Amino acid sequence: MTTRRTRPAPRPPEGTPAPAELARQARTVLADAVRIARWAADVSGPGGAPLAARALERAAAAMELSPAQLRAGWDRARLAGLIELHGDTARPGWRLRAWNRDDSAVLRGWVALFDAWSLVHPAPEDIEATAVAEAVEAVPQVLSLLQLSAGPVPVATLLDLLGQRVAELHEERCEVPYGPQEERAAASETSGDLNALLLDWALEGLAAVGALTLGDGHATLTPLGNWAVWVKLEQICVAAQSPAGNIEQPAADMLLGCARLTPGPARAEYRAWLAARPVGSAVAELLAVARGEDALLRGLAFEALRVVGAPAEPVVRSVLTEAPLRPYALIWLAEYEGADPDDAQDVLSREEATWLWVDTAAAVADHGETGLLVRHLDSAVQGTVPALLDEVRAIGHPRTVQVLVALAAAHPDPALAKAVRRAAFQVHTGGV
């Protein structure tokens, strides 16, 4: 039981369109991307990005789009989770299948695009990557000011805010300029010019995804942009009010704080934690935790990655070659592609399913109750304990001995416990 206080469902700011209208606007922003995704799903689509030359010609002719429009739509479709690349084959994402009937899927797709604005509109090549990263980190403050202002904001005001945030980042890294006053003044002027270029780039990128509009010397959030920023701010506020304070924690501590929550509250905590961080660094931090020794954190890290959705898909696909992560990644991808969660484990080979069984048993042994470990036997694909022990001994999981010892200690059947202990001894000594 928990005494955690519940919070009334927050209401969006006055004047925010209804979800159906926001979804209509998102469908408009992504109209070309949807057309290209459906074309790629219906024909032998292109196998990479940018589009192959012959496929580009076919698609441009079919949809009456220029090559530049087609490439932009293709990138948007991928970033919004409308299409997925599997080797040389383009397949429809689950959001594309739900596009006409599920407003929430549409809005999640647009938010994925919104989160990837810096990929939609790449930074100028002559700007250092560090400066670009600082600007991306400062943009949430710029968006917050736009959202709180509820109207046009002068670009000069946004530039001052961006400069202040970048200066704070430098100070946090002890990069405060020093030297003669003339040199500091010259450095400040150079920094101001760079910040102006970076702000122009960021505003153009956010406008490209439909989050804001640019006028004569000012910027204004669109209804979609205003809603998205409000949602992210609200998620941060919810997490900040939680007793665990998960928003401030590193990924491992956050996941442990969510371990005993039911799925709904846990997902809310994941969303809030993710909303407070750049998507790329958050995904990298979760995967770093998944690569650790704690099997419970490994499973929870992939649960949190489910909340990330499309932006995490390429990174999750890249870890398929890592044996400890492969079963989790395969199930994640199956669910992402539309498989029923109850059937997602069917994508695993027998060896992968056995590895996952041992890994899950290790999590239960470390963090759960002995009764759970005994009941975990029923989830093994082998069907019989002797077959399970044979395959567990062969699978090579580093926690095999500890799992078998814990299972033998917990099981009430003396004969079965003896067989499990014998298997643990054989694995430990390298016997057969």
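Residues numbered from 1 in each chain as written. Predicted model: local features only at pLDDT ≥ 70, side-chain atom pairs only at ≥ 80, totals over all residues. Heavy atoms only, no water.

A. Structural context of the pairing of strand E5 (residues 218-221). With two bridges connecting them, strand E3 (residues 153-154) and E5 associate as antiparallel partners. The partner of Pro154 across the bridge, within E5, is His218. Examined bridge by bridge, strand E4 (residues 212-214) and E5 share three bridges and lie antiparallel to one another. The residue of E5 that forms the bridge with Thr213 is Thr220. What sits between E4 and E5 in their antiparallel hairpin is a turn of three residues, with Gly217 showing a positive phi close to 80 degrees. (Pairing = 2+ DSSP bridges. Helix = DSSP H or I, 4+ residues; strand = E, 2+ residues; numbered from the N terminus.)

B. Highlighting the packing of helix H21 (residues 400-410) against helix H22 (residues 414-429). Where H21 contacts H22, the two axes come as close as 8 Å, and the packing angle between them is 160 degrees. In terms of axis orientation, H21 runs roughly antiparallel to H22. As for the relative orientation of H21 and H22, their crossing is left-handed in sense. Packed against H21, whose contacting residues are Thr400, Val401, Leu404, Val405, Leu407 and Ala408, the element H22 presents Ala417, Val420, Arg421, Ala423, Ala424, Val427 and His428 at the interface. (Axes fitted to C-alpha atoms, helices over the stretch in contact; angles between N-to-C directions. Parallel < 35°, antiparallel > 145°, perpendicular 65-115°, else oblique. Left-handed = near helix turned anticlockwise from the far one by under 90°. Contact = heavy atoms within 4.5 Å.)

C. Examining the packing of helix H17 (residues 326-336) against helix H18 (residues 350-367) more closely. Orientation of H17 relative to H18, taken along the N-to-C sense of each, is 105 degrees, at an axis distance of 9 Å. With respect to H18, the axis of H17 lies roughly perpendicular. Packed against H17, whose contacting residues are Arg326, Pro327, Tyr328, Leu330 and Ile331, the element H18 presents Glu352, Trp355, Leu356, Asp359 and Thr360 at the interface. Looking at the contact of H17 with H18 residue by residue, the class counts come to six nonpolar, one polar and three charged. (Nonpolar A, V, L, I, M, F, W, Y, C, P; charged D, E, K, R; others polar.)

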